[in-house]
Amino acid sequence: MIERWSRDQVLALAPDASSRKAAQGVAAPGKWPVRGRTGMVVYGECKGSGAKPYLACVDLSEPAYRCSCPSRKFPCKHALGLLLLWSEEAVPGQEAAPQWVTEWLDARAERAARRKTAASKATDGQTAVSEAADGQTAVSEAADGQTAVSDTAEPGTAVSEAAEGRTAVSEAGGSGTAIPEVAALRTAVPEESAVSTSAREVAETNTAADSTSAVSAGDGETASVTPGGGPGGGRGEAGSGGRGGSRGSGAESVRHGRVAAGLAELERWLADQVRQGLAVAAEHDWEGLAKRLIDAQAPGVAGMVSRLARVRAEEGWPGRLLEEYALLNLLAVAYRRRAELPPDLARTVLIRVGFPVTKEEVLAGPVVRDVWHVLGRRDETQDRLTARRVWLRGRHTGRAALILSFAPQGRPLDASLVTGTAIDADLAYYPGAAPLRALVATRYAVAAPRPATAARAMAQGLAGPGSVPPASTAAGTGSVPFGSAVAGTDSVSPGSAVAEAGSVPPGMTVAEALDEIAGVLAEDPWTESWPLVLKDVIPDRRTLGGLPLHPRSIDPWRLIAVSGGHPLTVAVEWTPVGLRPLTTWDEEGTTVIL
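Overview of the structure.

## A short note on the overall build of the protein
Argument step 1. From N to C terminus, the protein includes 19 helices and 20 strands.
Argument step 2. Taking contacts inside the protein between residues at least 6 apart in sequence as the whole, the part at least 24 apart equals 68%.

Take a look at the structure:
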C-alpha cells in the first residue's frame, strides 16, 4: 500500500493557485456522501450544483485522475479535494469499488497495453532501419571526409584553450569556495532564462512537439538531423551519434559549415569586446548577434547570447558578463575542435550548440533501474510556453536525474511525479559527458488487489498482493535488470520499492556535495543546475549548511521554522549563483515542500 501523502504534496499537484483554493473548499466530508479507497484507488461522489454528483477517481500508482466535471484543469478541484480527504484519513477503506471505477481502470489498462505494443513495433522498425543503414557506412564515411569545414584552424591552439578551460573548472570546482574565477567557468542562468532558446530546452521542445529530425534553418530551409542529435555521417564527427537522415550527409555538411561560420564570428566579436572593454557593447549589439547565430543554425548559442542584456542589468554585472563571455568562448572553441574531444564531451558540445536528440534515440538506449526519489519540481513560463523541471535522485545508484515536460499556457503539465514519493522505474538518459536529463522508460508498481464490483466481490474473494507488470512502458527493449552492473545497485524488488516510497532519501555531507559538483563541472563546464540531498544541515537567512542560497531563495522562513535550529535533510537544486531549497522532511518524516 502506498504511504499516505501529506497536505503539501497534494496541494503541489494543483495546476494553479485558484485550483488550490477551490480544492480546499470541497475537501469536506459532508460534500462527499460516497467515498472510499480500494487498493491503490481513491474514489468518491461530490455534491455539485446540479442534480447529479460529480464522479471523481484517482489511481495513486501513477497518479492518474478522472472526474465527470466539465473543468479543463488537470487535476480538477474535485480530484484534489478527494486527495486532501485521503491525506487526512477521511476516506474509509472498502472491499469493492463501484462499477464506473473498475471500468475506468480496465480502459486505462487496455490503452497501456496498446501503447506497449506500438512502442515494441516502433523499436523493431528502428532496428531494421539501423541495420539497413549499416550497409551505407562506406559511402557515409567518404562523405564525412568533406564535412570538416571549420577544422582548418591552426592546430593545437584551440585544443589547448579548451583543455585549459576544463582544467580550471575542475580545480576551481574542487575548492568549494564561491569565487568569481569559479563562476566564470560555469553557466549562471538567471531565473527568467528563456525556455525556447536554451540548447537543452530547444531539443526538448522539438521532442515534445513530436518532431523527428528537422530543424529550421535561418533562410527557411530545413536541415535533416540524425536521431543522435549530431551531424550526418556520424563516424566522421566525434560524438555525432549516427549517420545522416533522409537528406543525407550533404545537408549536415551545409549546416556544420553555417554553424562554424557563425561561431567564428562569435569568437572575433568576443575578442573585440574584451579588447575594447565590457562597457562598449549595447543591447542592440547582442540582439543582432543572437539573430545572426539563429541564421547560422546555432540556436543554443543564440540563447546564451540573448540573455546577456539581462545580465547587464544585474548588480555586479561586470563579473557576471565576463563569466558569460568565458563560457561562450569555451563553447565556440570546443565546437571548432570537437573532433579531438572525448566522444561524450563532443556530443555535449553539439547539444549545447543546438543539435537535438530525439526521444526515440534516448528510449532505444540503455536504462537504469532504481527507486527514484522525487525531490521537487519547478515551473518556468516564457513566451507562452511552460516548462516543468522535476528532480530525481536514485536511492541505490545515487544518480541524479531531470525530467522535463512542456505545455502551452493553460494546458495541463505532466503531474505523474509527486514530490516526496519514490518510484521504481527504468530511466533512459540523454547522452552527454555528465548525463542528467532523462526519460521515464518503464515504471513499475506494487500490485494492489484489483478493485472488484460489488457483485463480483460477493462471488469471489480479492486476490492478495503480489508483483505486477510495469504500470507504463515507453520502450520495450534495452531494459537492464535491477541490481546489474549498469544499475550498480543492490537488488531490490518492486514490492520493497513502494514500501520505501515515503522514506527520507539518503543524504550527503556538504563536503561530499562539493566534490560531486566539482566532478560534474569538470565533465561539463556548461552545467546550469544539479539536484542534491544535503543531510545534517542547519539553515539560516542566507546560507544552508554554510553554502550560499540563490538570491531569490534568501530568507527561507518555512525551512527555518521546520528546522527550529536543529539539523535536517534538505533536497536542493544547485546553481552557480546559489542553492534553491526544494523539499525537506520534519522529525516524523513528513514531506514539507518549500
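## Some words on the side chain of Glu267
Argument step 1. Of note, Glu267 is situated in helix α9 (residues 248-276).
Argument step 2. Leave out the neighbours within four places in its chain, and Glu267 touches Asn329, Ala332, Val333 and Arg336.

## So, helix α18 (residues 510-523)
Argument step 1. For α18, which comprises 14 residues, the first-to-last C-alpha distance of 20 Å matches the rise-based estimate of 20 Å (1.5 Å per residue) to within 8%.
Argument step 2. Residues of α18 that are buried include every one of Ala513, Ile517, Ala518, Val520, Leu521 and Ala522, and no others.

## Quick notes on the environment of Asp586
Argument step 1. Mapped onto the elements, Asp586 comes out in the loop between β19 (578-585) and β20 (591-593).
Argument step 2. For the pair formed by Asp586 and Leu568, sequence separation is 18 residues and the distance between their alpha carbons is 7.5 Å.
Argument step 3. A distance of 2.8 Å separates a polar atom in the side chain of Asp586 from the backbone nitrogen of Thr590.

## Quick notes on the packing of aromatic side chains
Argument step 1. Across all of its chains, the model carries three aromatic pairs by this definition.
Argument step 2. Ring geometry for Tyr65 against Phe74: centres 5.3 Å apart, planes inclined by 90°, an arrangement best described as edge-to-face.
Argument step 3. Given the relative accessible area of 10%, Tyr65 is considered buried.
Argument step 4. Residue Phe74 is classed as partly exposed on the basis of its relative accessible area of 36%.
Argument step 5. Geometrically, the ring pair formed by Trp269 and Tyr325 is edge-to-face, given 5.7 Å between the ring centres and 85° between the ring planes. With a gap of 56 residues between them, Trp269 in helix α9 and Tyr325 in helix α13 (residues 317-336) connect regions that are remote in the sequence.

## Notes on the packing of helix α11 (residues 299-306) against α13
Argument step 1. Remark: α11 packs on α13, axes separated minimally by 10 Å, with the N-to-C direction vectors making an angle of 165°. One way to sum up the angle between α11 and α13 is to call them roughly antiparallel. Crossing hand, α11 versus α13: left-handed. On the side of α11, the interface is formed by Val301, Met304 and Val305, while α13 contributes Leu327, Leu328 and Leu331.

## Some points on the pattern of salt bridges
Argument step 1. Scanning the entire structure with this criterion turns up 22 salt bridges.
Argument step 2. Ionic pairing is found between Arg388 and Asp379, a salt bridge with its closest N-O pair at 2.9 Å.
Argument step 3. Arg389 is paired through a salt bridge with Glu380; the nearest N and O atoms lie 3.9 Å apart.
Argument step 4. Its relative accessible area of 8% is what places Glu380 among the buried residues.
Argument step 5. Bridged by salt links that share partners, the residues Arg378, Glu380, Arg389, Glu528 and Glu573 form one connected network.

## A look at the sheet that holds strand β3 (residues 54-59)
Argument step 1. With antiparallel pairing, the four strands of this open sheet are ordered in space as β1-β2-β3-β4. On the outer flanks of this sheet lie β1 (34-38) and β4 (64-67), each paired with one strand and no other. The average angle at which neighbouring strand axes cross in this sheet is 10°, direction not considered.
Argument step 2. Relative to β3, strand β2 (residues 41-46) runs antiparallel, the two being bridged by six bridges. Counterpart to Val42 in the pairing with β3 is Val58.

## Description of the sheet that holds β20
Argument step 1. An order of β15-β18-β19-β20 is seen for the four strands of this open sheet, with the pairing classed as antiparallel. Each end of this open sheet is capped by a strand with a single partner; those strands are β15 (530-537) and β20. On average, each strand axis in the sheet is inclined to that of its neighbour by 35°, with strand direction left out of account.
Argument step 2. In the sheet, strand β18 (residues 568-575) pairs with β19 via six bridges, with the strands oriented antiparallel. Among the inter-strand pairings, Val572 is bridged to a residue of β19, identified as Pro581.
Argument step 3. Sheet contacts for α18: β15 and β18; angle to β15, the most-contacted strand, approximately 165°.

## What about the packing of helix α10 (residues 283-295) against α11?
Argument step 1. Viewed as axis vectors pointing N to C, α10 and α11 meet at an angle of 170°, and their least axial separation amounts to 8 Å. One way to sum up the angle between α10 and α11 is to call them roughly antiparallel. Along the contact surface, α10 presents Trp286, Leu289, Ala290, Leu293 and Ile294, while α11 presents Val301, Ala302, Val305 and Ser306.

## Looking at unusual backbone geometry
Argument step 1. With an omega dihedral of -5°, the bond running from Phe74 to Pro75 counts as a cis peptide bond.
Argument step 2. Here Pro75 lies in the loop between β4 and α3 (77-87).
Argument step 3. One non-glycine residue with positive phi stands out, namely Gln297, at about 65°.
Argument step 4. Tracing the chain through its elements places Gln297 in the loop between α10 and α11.

## So, the nonpolar core
Argument step 1. Leu263, Leu266, Val301, Val305, Tyr335, Val353 and Trp526 are the most contacted members of the largest nonpolar core, which totals 37 residues.
Argument step 2. Counting only elements with at least two residues in this core, the list comes to α9, α10, α11, α12 (308-312), α13 and α14 (343-353).
Argument step 3. Among the elements that make up this core, the one with the highest residue count is α13 (ten residues).
Argument step 4. If you look at the next biggest cluster of nonpolar residues, it comprises 32 residues, including Ala387, Ala400, Val570 and Ala571.

## Examining the side chain of Ser405
Argument step 1. Turning to its location among the elements, Ser405 is positioned in strand β9 (residues 400-408).
Argument step 2. Discounting chain neighbours no more than four positions away, the residues touching Ser405 are Thr386, Ala387, Arg388, Leu413 and Asp414.

## Examining the pairing of β19
Argument step 1. Taking burial as the measure, the eight residues of β19 include eight buried ones, the bulk of the element.
Argument step 2. Between the end of β18 and the start of β19, which pair antiparallel, lie two residues.
Argument step 3. Inspection of the sheet shows β19 paired to β20 by three bridges, in the antiparallel sense. The residue bridging Trp585 from the neighbouring strand is Thr591, located in β20.
Argument step 4. Hairpin connection, β19 to β20: the antiparallel pair is bridged by five residues, and Gly589 has positive phi, about 85°.

Calculation criteria
Residues numbered from 1 in each chain as written. Predicted model: local features only at pLDDT ≥ 70, side-chain atom pairs only at ≥ 80, totals over all residues. Heavy atoms only, no water. Helix = DSSP H or I, 4+ residues; strand = E, 2+ residues; numbered from the N terminus. Contact = heavy atoms within 4.5 Å. Expected span 1.5 Å × (residues − 1). Buried < 20%, exposed > 50% of the residue type's maximum accessible area, 1.4 Å probe, protein only. Polar contact = N/O pair within 3.5 Å; in protein donor to acceptor, adjacent residues only side chain to side chain. Phe/Tyr/Trp six-rings, centres within 6.5 Å; stacked < 30°, edge-to-face > 60°. Axes fitted to C-alpha atoms, helices over the stretch in contact; angles between N-to-C directions. Parallel < 35°, antiparallel > 145°, perpendicular 65-115°, else oblique. Left-handed = near helix turned anticlockwise from the far one by under 90°. Salt bridge = Lys/Arg side-chain N within 4 Å of Asp/Glu carboxyl O. Pairing = 2+ DSSP bridges. Core = buried A, V, L, I, M, F, W, Y, C linked by side-chain atoms within 4.5 Å.

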